[in-house]
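# Understanding the architecture of this molecule
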Amino acid sequence: MNKLYIGNLSPAVTADDLRQLFGDRKLPLSGPVLLKAGYAFVDYPDQNWAIRAIETLSVKGVLEGRMMELDHTAKKRLRSRKLQIRNIPPHLQWEVLDGLLAQYGTVENVEQVNTDTEAAVVNVTYATRDEARGAIEKLSGHQFENYSFRISYIPDEDGHAPQRFRRGAYSSRERGHSPGGSGPSKQLDFPLRILVPTQFVGAIIGKEGLTIKNLTKQTQSKVDIHRKENAGASEKPVTIHASPEGSSEACRMILEIMQKEADETKSAEEVPLKILAHNSLVGRLIGKEGRNLKKIEQDTGTKITISPLQDLTIYNPERTITVKGTIEACSSAEVEIMRKLREAYENDMVTVNQQGNLIPGLNLSALGIFSTGLSMLPSAAGPRGAAAAASYHPFASHSAYLSGLYGAPQIGVFPHQHPVPEQEVVYLFIPTQAVGAIIGKKGHHIKQLARFAGASIKIAPAEGPDVGERMVIITGPPEAQFKAQGRIFGKLKEENFFNPKEEVKLKAHIRVPSSAAGRVIGKGGKTVNELQNLTSAEVIVPRDQTPDENEEVIVKIIGHFFASQTAQRKIREIVQQVKQQEQKHPQGAGPSPPPSQPQPPPPRTK
């Protein structure tokens, strides 16, 4: 049954009045009318009838001179993470709706409801009730074109996430943490990665594998010792898949095995614990001014050091966290270190799930923006066994976003682009103090970044001694822009130029023909406002600009990486549409061809 609440009733209204009204509207009830002072409850046999009643009577439900209020029952709404959004434009693209919903929290499922109404109806499940409450407060009455969203809570009685159906296609899609669209969400698989001296590998495995079998059985873990990687190396990576408690217990047992072997062979007095962590997570482990790391040292009585950034390459994105102390102390430190790393990883996954649908066809694994994806690794051998990377997928059990980890084949971010895409120029502004990190020692990092992205990347000279930001000029096709800008955003995050909990937001300038500027703004600013609502980026088209010698003006975009990328792509689409119209209906001379060389940097504006 679907129970509905009817409010704002006149004291003169009777149960028979309500039955007659519903009957006249061809909305027959399936049970008795429970009438109270000023409100009532009615039952419907299924959700479709309930939606039809709400849609019909919310607009035309006048009784005794009062407009009735219809909603799902208040009791259920108090405990619900699920919302129903009605009156959605039927032509609204899923990517737009996804981006809008993701602004208010983690969306676990979106399910379209088949109705007889022209407008679309969807049921949305958020991760928490607070997120659902925030969404209903912000989205109720949200105007999109001539449609105004109507939102209400719906029952959330079971823990199962229904499959999602796209309007018109009706095909299921995996989403968020619910593979296949059913069952409760699973805990993220975040393995513990450690380095062990090669001389102790035999002791860890044991005769006929008995030691490692006993270890995995006791801790309910899966332990992979990558013996064949990087032949001749003094240390081998070990990956432990288990619950946090299981991983910690397995780590402790391995430390005990190694220490016992060291004592018997007298090969070492103390065997340190070495944990491997993706570089994008390490900054948040360290904390501001090293506070997190210092606290772990003080609480556990250990000495912790982290390998320098200079050791990183596109083949090896992991840093080594070395912990020295007793086995008990190292085990305690491991628990705290992994807790911080796991928290950072989960935050990255939330960001991926929220932002990943904003640009259709993205391969997020192509970038090192998040811990969930590394750069595209070539097949050549590199440190820690990059040549054997194809057989090693530490995060491969988690969602399709991670499919490109450690040696994925190169997949285009924009899979349907033309063979020779048009060159684009973007002027990205970074903090002055970050210039050294982007350039790298002897220009190594910026050269490597340019090769990886397939773009030209140059840093403009400083305009004065005390400027707070510098301009990076990036020239290349759309996919190159995505890669280059993404790695720059990621680098600033890794190097702690922004607070660990703060999103990296940068300013970008792009040039557009002056003839297209009006289209970007739209009538009364409608287009630019919709663009900002869609992308979460700030988009500014200064009205008092004088076009340059190429009849172009600057559009400013400020936002996090995905917001900025979406805004750039949408603006380029508008420009392309204007160019096509000009080619079809030329005025005087035909439109001039796009410049083949980068134009001079735009004037510096606040």
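Residues numbered from 1 in each chain as written. Predicted model: local features only at pLDDT ≥ 70, side-chain atom pairs only at ≥ 80, totals over all residues. Heavy atoms only, no water.

## Some remarks on the packing of aromatic side chains
Counted by the stated rule, this structure contains three aromatic pairs. Between the aromatic rings of Phe-190 and Tyr-345, the centroid separation amounts to 4.7 Å while the plane-to-plane angle is 35°, which identifies the pairing as tilted. One end of the pair, Phe-190, is in the loop between strand 12 (150–153) and strand 13 (192–197); the other, Tyr-345, is in helix 11 (residues 327–355), and 155 residues separate them in sequence. Judged by its relative accessible area of 8%, Phe-190 falls in the buried class. Here Tyr-345 falls in the buried class, since its relative accessible area comes to 0%. Across from the ring centre of Phe-452, 5.6 Å away, lies the NZ or CZ of Lys-483, which sits over that ring. (Phe/Tyr/Trp six-rings, centres within 6.5 Å; stacked < 30°, edge-to-face > 60°. Helix = DSSP H or I, 4+ residues; strand = E, 2+ residues; numbered from the N terminus. Buried < 20%, exposed > 50% of the residue type's maximum accessible area, 1.4 Å probe, protein only. Lys NZ or Arg CZ within 6 Å of the ring centre and 35° of its normal.)

## Points about the environment of Phe-22
Here Phe-22 shows up in helix 1 (residues 15–24). Using a relative accessible area of 0% as the deciding quantity, one classes Phe-22 as buried. Separated by 35 residues in sequence, Phe-22 and Leu-57 place their C-alpha atoms 8.7 Å apart. Beyond its immediate chain neighbours, meaning those up to four positions away, Phe-22 contacts Ile-6, Leu-27, Pro-28, Leu-29, Val-42, Tyr-44, Ala-53 and Leu-57. (Contact = heavy atoms within 4.5 Å.)

## Some words on the sheet that holds strand 9 (residues 120–126)
Spatially, 8-9-7-12 is the arrangement adopted by the four strands of the open sheet, whose pairing is antiparallel. With one partner strand each, in any of the chains shown, strand 8 (107–113) and strand 12 form the two edges of the open sheet. In this sheet, adjacent strand axes meet at a mean angle of 20° when their direction is disregarded. Two strands pair when backbone bridges link them, and strand 7 (residues 82–88) and strand 9 are joined in this way by five bridges, in the antiparallel orientation. Within the sheet, the bridge partner assigned to Ile-85 lies in strand 9 and is Val-122. On the sheet, helix 5 (residues 129–139) packs against strand 7, strand 9 and strand 12 and is oriented at approximately 155° with respect to strand 12. (Pairing = 2+ DSSP bridges. Axes fitted to C-alpha atoms, helices over the stretch in contact; angles between N-to-C directions.)

## With respect to the state of the cysteines
With the rule as written, the count across this model stands at zero disulfides. Cys-330 takes part in no disulfide bond, and the closest cysteine sulfur, belonging to Cys-251, lies 8.4 Å away. Given a relative accessible area of 2%, Cys-330 falls into the buried group. (Disulfide = S-S within 2.5 Å.)

## Some thoughts on the pairing of strand 9
The side chains of a regular strand alternate, residue by residue, between the two faces of the sheet. Counting buried residues along strand 9, seven of its seven residues qualify, which places the element largely inside the surrounding structure. The two faces of strand 9 match: Ala-120, Val-122, Val-124 and Tyr-126 on one face and Val-121, Asn-123 and Thr-125 on the other face are all buried. Relative to strand 9, strand 8 runs antiparallel, the two sharing six bridges. Opposite Glu-111, over in strand 9, you have Asn-123 as the bridge partner.

## Comments concerning the sheet that holds strand 13
In spatial order, the strands read 14-15-13-16-18-17; together these six strands make up an open sheet with antiparallel pairing. Looking at strand neighbours, the two that pair on one side only are strand 14 (222–225) and strand 17 (303–306), the edges of this open sheet. Neighbouring strand axes in the sheet, compared pairwise and without regard to direction, differ in orientation by 25° on average. With four bridges connecting them, strand 17 and strand 18 (residues 318–324) associate as antiparallel partners. For Thr-305, the partnering residue across the bridge sits in strand 18 and is Thr-322. In the packing of helix 9 (residues 279–286) onto the sheet, contacts are made with strand 16 (273–278), strand 17 and strand 18, and the angle to strand 16 comes to roughly 115°.

## Comments concerning the confidence of the model for the protein chain
Looking at the protein chain as a whole, the pLDDT averages 75, with 73% of positions reaching at least 70. Here residues 157–186 is modelled with pLDDT under 50, and outside its nearest four sequence neighbours on either side it reaches 61 contacts, counting other chains as well. Every residue in residues 590–598 is under pLDDT 50, and counting partners more than four places away or in other chains gives six contacts. (pLDDT = per-residue confidence, 0-100.)

## With respect to helix 5
Residues spaced three or four apart along an α-helix face the same direction, because each turn holds 3.6 residues. Buried within helix 5 are the following residues: Glu-131, Ala-132, Ala-135, Ile-136 and Leu-139. Buried residues of helix 5, viewed axially, fall in a sector of 135°; they line one side. Facing away from the buried side of helix 5, by more than 90 degrees, are the exposed residues Asp-130, Glu-137 and Lys-138. Of the residues trailing helix 5, Gly-141 is marked for its positive phi of about 80°. (Arc of directions from axis to C-beta.)

## Details of the pattern of salt bridges
Opposite charge on two side chains allows them to pair when their charged atoms are near. Counted by the stated rule, this structure contains 16 salt bridges. Of the charged contacts in the structure, one is a salt bridge between Glu-235 and Lys-274, with a shortest N-O distance of 2.8 Å. Highlighted residues: Glu-235 in strand 15 (residues 235–241) and Lys-274 in strand 16, separated in sequence by 39 residues. Looking at Glu-235, the relative accessible area reads 24%, which means it is partly exposed. Taking the shortest distance from any N to any O, the salt bridge between Glu-424 and Arg-572 comes out at 3.6 Å. Of this pair, Glu-424 sits in strand 19 (residues 424–431) while Arg-572 sits in helix 17 (residues 561–584), and the two are 148 residues apart along the sequence. For the pair formed by Glu-424 and Arg-572, the shared burial category is buried. A single network of salt bridges, built from pairs that share partners, joins Glu-424, Arg-569 and Arg-572. (Salt bridge = Lys/Arg side-chain N within 4 Å of Asp/Glu carboxyl O.)

## A word on the packing of helix 16 (residues 526–535) against helix 17
In contact at an axis separation of 9 Å, helix 16 and helix 17 are set at 145° when each is read in the N-to-C sense. Seen along the crossing, helix 16 lies across helix 17 with a hand that is right-handed. Every residue of helix 17 that contacts helix 16 at Thr-527, Leu-531, Leu-534 and Thr-535 is listed here: Ala-563, Thr-566, Ala-567, Lys-570, Ile-571 and Ile-574. (Left-handed = near helix turned anticlockwise from the far one by under 90°.)

## Overview of helix 16
Among all positions in helix 16, only Val-528, Leu-531, Leu-534 and Thr-535 are buried. Along the long axis of helix 16, the arc covered by the buried residues comes to 125°, so they all point the same way. Once helix 16 ends, the next one or two residues include Ser-536, with phi positive near 70°.

## Description of unusual backbone geometry
One non-glycine residue, Asn-87, lies in positive phi territory at about 60°. Relative to the helices and strands, Asn-87 resides in strand 7. With phi around 55°, Lys-442 is a residue other than glycine that occupies positive phi space. Within the secondary structure layout, Lys-442 lies in the loop between helix 12 (435–439) and helix 13 (444–453).

## Section: the environment of Arg-252
With respect to the secondary-structure elements, Arg-252 resides in helix 8 (residues 244–265). Exposure remark for Arg-252: the relative accessible area of 22% places this residue in the partly exposed category. Distance from Arg-252 to Glu-334, taken between C-alpha atoms, is 9.1 Å for residues 82 residues apart in sequence. Apart from the residues lying within four places of it in its own chain, the contact partners of Arg-252 are Ile-327, Glu-328 and Ser-331.

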